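Listed below are the residues making up each chain.
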Amino acid sequence: MIFLNGKFMPIEEAMVPVLDRGFIFGDGVYELVPVYSRVPFRLDEHLVRLERSLTEVRIKNPYARERWGQIITQLIAQQPFDDQGVYFQVTRGVAKRDHAFPKGVEPTVFVMSNPLVNPPSEQVELGARAVTGVDYRWLRCDIKSISLIGNCLLRQLSADAGAAETILLRDGMLTEASASNVFIVKGGVIRSPAKSNLILPGITYDVVVELAQGAGLPLEFHAVTESALRGADEVWVTSSSKEVLAIVELDGRPIGDGKPGPTFRRMYQLYQDFKQRVMRAGRQTVAA
């Protein structure tokens, strides 16, 4: 089952007009919320980010936060699997093809849920490979836009190489990855580029920051050069589906000793423990 413009229906029955601006222009924004044991993870934070993206592209938010929560909760309940990835997007709506924003058009709302696929345990244990690519995307990467051709082209670089991610460099500086945020570790200090218009403000990124601060792990936000990336003791990528994943090889060369490092292993465990607490709290709330 999916949700489309106010109705739940089988995905086979879902139809969107070809003049929808999401189809014609990629004119819309989206979110993906991980769900563990039918408990949405950081749903409020995802909805806040959705609201920000909608505001930035000047699309009217079709629902209040409470209604979004009801739709997502109902959709989760209708799926046969417990761990899910709930994808929802809002486009500007249906109008004649014209670059200028149409007036009086209702947004198109689409929500679906698929099984959540996290990295396999072997990849978590051994680490993953990545390649680098030039970050040639637009200058508003802080908006979670459905216009993702740049990200797709860059992710395909790593897919072609049999790697898990493409880590992006713009003018010799680290930004993020094709579908992840990036952290490095050097001398026990966790580092990441500060949030800007060139980086999507990741929900998992924020969780990692909070967990590091709570555990007293050294943490810095500043520009990360290409040489610092390549010379790091550890490199991680973070996202809703990858959670926290160690990169142990970059462009065919090992990161550190070529194994997931001790700071990663601590952060990974902190993340899993936090996730379990969220799930327990979520179930208790639902049961109550």
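Anything mentioned here points back to the structure above.
Trainee: Go over the pattern of salt bridges, please, and point to the residues and values.
Mentor: With the rule as written, the count across this model stands at 23 salt bridges. With its nearest N and O atoms 2.9 Å apart, the salt bridge here joins Arg-140 to Glu-56. Highlighted residues: Arg-140 in the loop between strand 7 (128–134) and helix 5 (149–160) and Glu-56 in helix 2 (residues 43–57), separated in sequence by 84 residues. Taking relative accessible area as the criterion, Arg-140 reaches 27% and is therefore assigned partly exposed.

Trainee: Can you explain the pairing of strand 14 (residues 243–250)? Please cite residues and give values.
Mentor: Most of strand 14 is tucked away: seven of the eight residues are buried. Where strand 7 and strand 14 come together, three bridges link them in parallel fashion. Each bridged residue has a counterpart across the sheet, and for Arg-129 the counterpart in strand 14 is Glu-249. Bridge count for strand 13 (residues 234–239) against strand 14 is five bridges, and the pairing is antiparallel. Residue pairing for strand 14: Val-237 is matched across the bridge by Leu-245. Connecting strand 13 to the antiparallel partner strand 14 that follows it, the hairpin turn spans three residues. In terms of strand pairing, strand 14 meets strand 15 (residues 253–254) through two bridges, oriented antiparallel.

Trainee: Which residues make up a nonpolar patch on the surface, and what values do they have?
Mentor: Together, Val-18, Leu-19, Phe-23 and Val-94 give the surface a local cluster of nonpolar side chains, amounting to about 390 Å² of exposed area. Accessibility expressed as a relative area gives 36% for Val-94, which makes it partly exposed.

Trainee: Go over the sheet that holds strand 4 (residues 39–40) with me, naming the residues and quoting the values.
Mentor: Strand order in the open sheet made by the six strands is 2-1-6-5-3-4, with antiparallel pairing throughout. The open sheet is flanked by strand 2 (7–9) and strand 4, the only strands paired with a single partner. Summarising the sheet, strand 1 (residues 2–4) and strand 2 pair through three bridges and their orientation is antiparallel. Within strand 2, the position partnered with Phe-3 by the bridge is Phe-8. In this fold helix 2 packs onto strand 3 (28–36), strand 4 and strand 5 (84–91), with an angle of close to 175° to the strand it touches most, strand 3.

Trainee: Any details on unusual backbone geometry? Residues and values, ideally.
Mentor: Most of the time, phi is negative for any residue but glycine, and the peptide bond is trans. Backbone geometry at Asn-5 places phi at a positive 50°, although glycine is not the residue there. Within the secondary structure, Asn-5 sits in the loop between strand 1 and strand 2. Classification of Asn-5 as partly exposed rests on a relative accessible area of 43%. Unusually for a residue other than glycine, Glu-243 sits at a positive phi of about 55°. In this structure Glu-243 comes out as buried when scored by relative accessible area, which is 3%.

Trainee: Report on the environment of Val-224, specifying residues and quantitative values.
Mentor: Mapped onto the secondary structure, Val-224 falls in the loop between strand 12 (219–221) and helix 7 (226–230). As a C-alpha pair, Val-224 and Tyr-205 span 19 residues in sequence and 16 Å in three-dimensional space. Among residues more than four places away in sequence, those in contact with Val-224 are Gly-172, Met-173, Leu-174, Ile-184, Ser-192, Pro-193 and Leu-229.

Trainee: Could you give an account of helix 5, with specific residues and numbers?
Mentor: Taking 1.5 Å per residue as the helical rise, helix 5 with its 12 residues ought to reach 16 Å, and the 16 Å between its terminal C-alpha atoms agrees with that figure. Residues of helix 5 that are buried make contact with strand 7 and strand 8 (165–170). Once helix 5 ends, the next one or two residues include Gly-162, with phi positive near 70°.

Trainee: Can you tell me about the side chain of Glu-234, naming the residues and giving the values?
Mentor: Inspection of the secondary structure puts Glu-234 in strand 13. A polar contact of 3.0 Å, which involves the side chain of Glu-234, links it to the side chain of Trp-236. Sequence-distant contacts of Glu-234, defined by excluding residues within four places in its chain, comprise Phe-183, Ile-184, Val-185, Ile-255, Gly-261, Pro-262, Thr-263 and Phe-264.

Conventions and cut-offs
- Residues numbered from 1 in each chain as written.
- Predicted model: local features only at pLDDT ≥ 70, side-chain atom pairs only at ≥ 80, totals over all residues.
- Heavy atoms only, no water.
- Salt bridge = Lys/Arg side-chain N within 4 Å of Asp/Glu carboxyl O.
- Helix = DSSP H or I, 4+ residues; strand = E, 2+ residues; numbered from the N terminus.
- Buried < 20%, exposed > 50% of the residue type's maximum accessible area, 1.4 Å probe, protein only.
- Pairing = 2+ DSSP bridges.
- Patch = residues over 30% accessible without salt bridge, like charges linked within 9 Å, V, L, I, M, F, W, Y side chains within 5 Å.
- Areas by Shrake-Rupley, 256 points an atom, 1.4 Å probe, with all protein chains shown as cover.
- Contact = heavy atoms within 4.5 Å.
- Axes fitted to C-alpha atoms, helices over the stretch in contact; angles between N-to-C directions.
- Expected span 1.5 Å × (residues − 1).
- Polar contact = N/O pair within 3.5 Å; in protein donor to acceptor, adjacent residues only side chain to side chain.

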